[in-house]
Amino acid sequence: MELQFLGGASEVGSLGLVVRDEGRTLLFDYGITPTDPPAYPRPPPTNVDAAFLSHAHLDHSGMTPILSRLPKGRLVATPVTLAVAGVLTRDALKIARLNGYLSPFESQDIRALEARTTAAEAGSSFRHRGIEVDLTLAGHIPGATMFRYRGSKDLLFTGDVQTRATRLVPAAEGLECDVIVIESTYAGRDHPDRRTTEAEFLAKIEETLERGGKAIVPAFAVGRAQEVLLTLASSGFTTYLDGMARQVNEIYASAPQYLADAKRFRRALEGVTVVEHPSDRKKALREADVIVTTGGMLDGGPVLYYIGEVYRDPRWSILLTGFQVDGSNGRQLLDQGTLTVDEVTIRPECEVRKFDFSAHAGHSDLVALVRASRAKTAVLMHGDDRTPLKEALDGEVEVVVPENGQAFSV
Ligand SMILES: [Zn+2]
């Protein structure tokens, strides 16, 4: 069995894994790095028999529309993943046009791809022309799955994985395999206890309100915004929601089987005031205690409007809830205390804090997942620094730390 990463082996972004086995060519995920401008993976092989999408985040899905130009092959994912990926790839195209850079695909590619998708639920198996792939829950975000390809060896591709239940999604379910291809986002780092993080987050909002400010909570539209809304649900704070998360909420609400608690999710949404039009944003600034809004890394979206209105007011807080990739505005705010908006750099006087609401397994949980899989080989991907995970697993399993473009056998 031969593996080759088109991207995403040694970085968090642009993931794509080609698996060649028994005369077949499979592709697992095909994403971009959603920086400004984005970075892209290598082109796909022309003979892909089937492609599998683990979840909708753009670093896994953002390049899938160009698969519609290949002569054959379908894209397999859960219905939730396919629906949300459609929303995100259309948005990525819009952002490319707004920012004046070329998109590698057009809207007709997104439509053409939708005609070539096969929806499969977690817990089922995809079988087509001798290809057999099992889908199993990955935790992470609603609809996310891992894939176990049953070929000359059993290969488990984790996508992004979270082995602990969160307020939004149930935990990943482990599977046995011969080869595990595992994400390494948090190699070497464990997360703080989630309940402690939630308590600190709510306390910081309370403190902000007591000094006469309000909290702006930048959150990724897909997964993080919903986790934050569930955390805020019984707080009593007046919560406003702005940005693309609204559309995603509707898709999630229609897929209760992928939620930890569908009833609680619907109730949490009912308690939130949605900003329907840009003209409602002034009202949000006036009336909200908390504004949950995109983009999660401050590189665009309504969050920049809100920060632009209040950044001189030290009573307000900006409470980051997600991973801030190098080169993002959020990273710049944390490291240098500044933000660059339309080529103008500002220095917000608001309090800035970051809270770990990660949807990824921490280091110890990644190690446990590899052990539970009883794999003989672990291929580490999707990490800026995979060394700590390699060191933890060396001696127990054969560990492969591939580079992008390098073909290797397992
Ligand atoms: Zn993800």
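As the structure is a prediction and not an experimental result, all values here were calculated from the model.

Enquirer: Can you lay out the coordination of the zinc ion for me, pointing to particular residues and giving the numbers?
Expert: Each protein donor to the zinc ion is listed here as His55 (NE2), His57 (ND1), His140 (NE2) and Asp160 (OD); together their distances run 2.2 to 2.3 Å. Taken together, the four donor atoms coordinating the zinc ion span angles of 91 to 169° at the metal, a pattern that classifies the geometry as irregular. Motif for the zinc ion, donor spacing along one chain: H-x1-H-x82-H-x19-D. Taken together, the residues span a long stretch of sequence, with His140 in the loop between strand S8 (131–137) and strand S9 (145–150) and Asp160 in the loop between strand S10 (154–157) and strand S11 (179–183) at a distance of 20 residues.

Enquirer: So what's going on with the domain arrangement of the chain? Residues and values would help.
Expert: When the domains of the chain are assigned, the result is domain 1 (2–189 + 359–409) and domain 2 (194–354). Summarising the inter-unit geometry, the C-alpha centres of domain 1 and domain 2 are found 28 Å apart. Around 2,200 Å² of area is buried between domain 1 and domain 2 when both sides are counted, 66% of it from carbon and sulfur atoms. If you sort the residues of domain 1 by the area they bury against domain 2, Val87, Arg167 and Leu168 come out on top, with a joint share of 34%. Counting across the domain 1 and domain 2 interface gives one salt bridge. One can count eight residue pairs in polar contact (both at pLDDT 80 or more) joining domain 1 with domain 2. It is helix H2 (residues 79–99) that contributes the most residues to the side of domain 1 that touches domain 2, six residues altogether. Residue composition of the side of domain 1 that touches domain 2, by class: 14 nonpolar, four polar and four charged.

Enquirer: A description of the sheet that holds strand S7 (residues 125–128) should follow, citing residues and the corresponding values.
Expert: One open sheet holds the seven strands; their spatial order is S7-S8-S9-S10-S11-S20-S21, and the pairing between them is mixed. Whereas interior strands pair on both sides, the edge strands pair on one side only; in this sheet they are S7 and strand S21 (398–400). Shown here is a sheet whose adjacent strand axes are inclined to one another by a mean of 20°, direction ignored. Direction of pairing for S11 relative to strand S20 (residues 377–381): parallel, over a ladder of five bridges. If you follow Val181 over to S20, its bridge partner there is Val379.

Enquirer: Give a description of the pattern of salt bridges that names residues and reports values.
Expert: For the structure shown, the criterion picks out 27 salt bridges. One salt bridge in this structure joins Glu2 and Arg20, with 3.3 Å as the shortest N-O distance. You can see Glu2 sitting in strand S1 (residues 2–7) and its partner Arg20 sitting in strand S2 (residues 16–21), a full 18 residues away along the chain. Exposure remark for Glu2: the relative accessible area of 30% places this residue in the partly exposed category. We note a salt bridge from Lys72 to Asp49, for which the minimum N-O separation is 2.7 Å.

Enquirer: Account for the side chain of Thr321, naming residues and giving values.
Expert: Within the secondary structure layout, Thr321 lies in the loop between strand S16 (317–320) and helix H10 (329–336). Judged by its relative accessible area of 1%, Thr321 falls in the buried class. Side-chain polar atoms of Thr321 contact the backbone oxygen of Pro218, separated by 2.9 Å. Those residues within four positions of Thr321 in sequence are excluded, and the remaining contacts are Phe201, Val217, Pro218, Ala219, Arg224, Val228, Phe355 and Phe357.

Enquirer: Explain the nonpolar core to me, and be specific about the residues and the numbers.
Expert: Counting 85 residues, the largest nonpolar core has Val84, Ile180, Phe201, Tyr252, Val292 and Leu393 as the members making the most contacts within it. Sort the elements by how many residues they give to this core and H2 lands first, with eight residues. Residue contributions to this core reach at least three from each of two domains, namely domain 1 (2–189 + 359–409) and domain 2 (194–354). Ignoring any residue separated from it by four or fewer positions in sequence, one finds Tyr252 in contact with Val80, Val84, Ile141, Pro142, Val222, Gly223, Gln226, Leu259 and Phe265. Judged by nonpolar contacts, the second largest core, of 28 residues, contains Met1, Ala50, Ala120 and Val410.

Enquirer: Before we move on, can you summarise unusual backbone geometry with the specific residues and values?
Expert: The residue after Thr294, namely Gly295, is reached through a cis peptide bond having omega 0°. Tracing the backbone through its elements, the reader meets Gly295 in the loop between strand S15 (290–293) and helix H9 (303–310). Although it is not a glycine, His140 adopts a positive phi angle of roughly 60°. Looking at His140, the relative accessible area reads 4%, which means it is buried.

Enquirer: Outline the pairing of strand S13 (residues 239–242), supporting the account with residue identities and numerical values.
Expert: Alternating residues of S13 divide into Thr239 and Leu241 and Tyr240 and Asp242, and every residue in both groups is buried. Pairing between S13 and strand S14 (residues 272–274): three bridges, direction parallel. Opposite Thr239, over in S14, you have Val272 as the bridge partner. Pairing geometry for S13 and S15, over four bridges, is parallel.

Enquirer: Outline the side chain of His55, supporting the account with residue identities and numerical values.
Expert: The topology assignment puts His55 in the loop between strand S4 (50–52) and helix H1 (58–61). A polar atom in the side chain of His55 sits 3.0 Å from the side chain of Ser54. There is a polar contact of 3.2 Å between the side chain of His55 and the side chain of Asp160. Discounting chain neighbours no more than four positions away, the residues touching His55 are His60, Ser61, Thr81, His140, Ile141, Ala144 and Asp160.

Enquirer: Please set out the sheet that holds strand S5 (residues 74–77) residue by residue, giving values where relevant.
Expert: Strand order in the open sheet made by the seven strands is S6-S5-S4-S3-S2-S1-S22, with mixed pairing throughout. At either margin of the open sheet sits one strand with a lone partner, and together these are strand S6 (117–119) and strand S22 (407–409). Taking each pair of neighbouring strands and ignoring which way they run, the sheet shows an average axis angle of 25°. The sheet contact formed by S1 and S22 spans three bridges and is antiparallel. In the strand pairing of S22, Glu2 is matched with Ser409.

What counts, and where the lines are drawn
- Every residue gets a number counted from 1 within its own chain, in the order that chain's sequence is written.
- This being a predicted model, a pLDDT of at least 70 is required before a residue's local features are given, and a value of 80 or more before pairs of side-chain atoms are given or counted; all residues contribute to the totals for chains, interfaces and linings.
- Where side-chain values are given, they derive from all heavy atoms of the structure, hydrogens and water being excluded.
- The donor definition counts N, O and S atoms within 2.8 Å of each metal and applies 3.2 Å to Na, K and Ca; water is not among these atoms, so some sites may look incomplete.
- Angle rules define the geometry names used: all angles between 85 and 135 degrees makes four donors tetrahedral, while opposite donors over 155 degrees apart and all other angles between 65 and 115 make four donors square planar and six octahedral, leaving every other case irregular.
- Segments assigned H or I by DSSP are reported as helices when at least four residues long, segments assigned E as strands when at least two residues long, and all are numbered from the N terminus.
- Per the annotation, domain bounds derive from an automatic or database assignment of domains.
- For any pair of parts, buried area is found by adding up, for both, the accessible area (1.4 Å probe) each one loses once the two are put together.
- Only one rule defines a salt bridge in this text: a Lys or Arg side-chain nitrogen within 4 Å of an Asp or Glu carboxyl oxygen.
- Identification of polar contacts relies on pairs of N or O atoms within 3.5 Å, with a donor-acceptor requirement for protein atoms, meaning one able to donate a hydrogen and the other able to accept it, and with residues adjacent in sequence counted only if both atoms are side-chain atoms.
- When residues are sorted by character, Ala, Val, Leu, Ile, Met, Phe, Trp, Tyr, Cys and Pro go into the nonpolar class, Asp, Glu, Lys and Arg into the charged class, and all the rest, Gly among them, into the polar class.
- What makes two strands pair is DSSP finding at least two bridges between them.
- Inter-axis angles, ranging from 0 to 180 degrees, are taken between N-to-C directions of lines fitted to C-alpha atoms, where helices are fitted over the stretch in contact.
- Note on classification: 1.4 Å probe, protein chains only; a residue is buried when its accessible area is under 20% of the maximum for its type, exposed when over 50%, partly exposed between these limits.
- What makes two residues a contact is simply this: any of their non-hydrogen atoms within 4.5 Å.
- Throughout, nonpolar core names a set of buried Ala, Val, Leu, Ile, Met, Phe, Trp, Tyr and Cys residues whose side chains join them through atoms within 4.5 Å.

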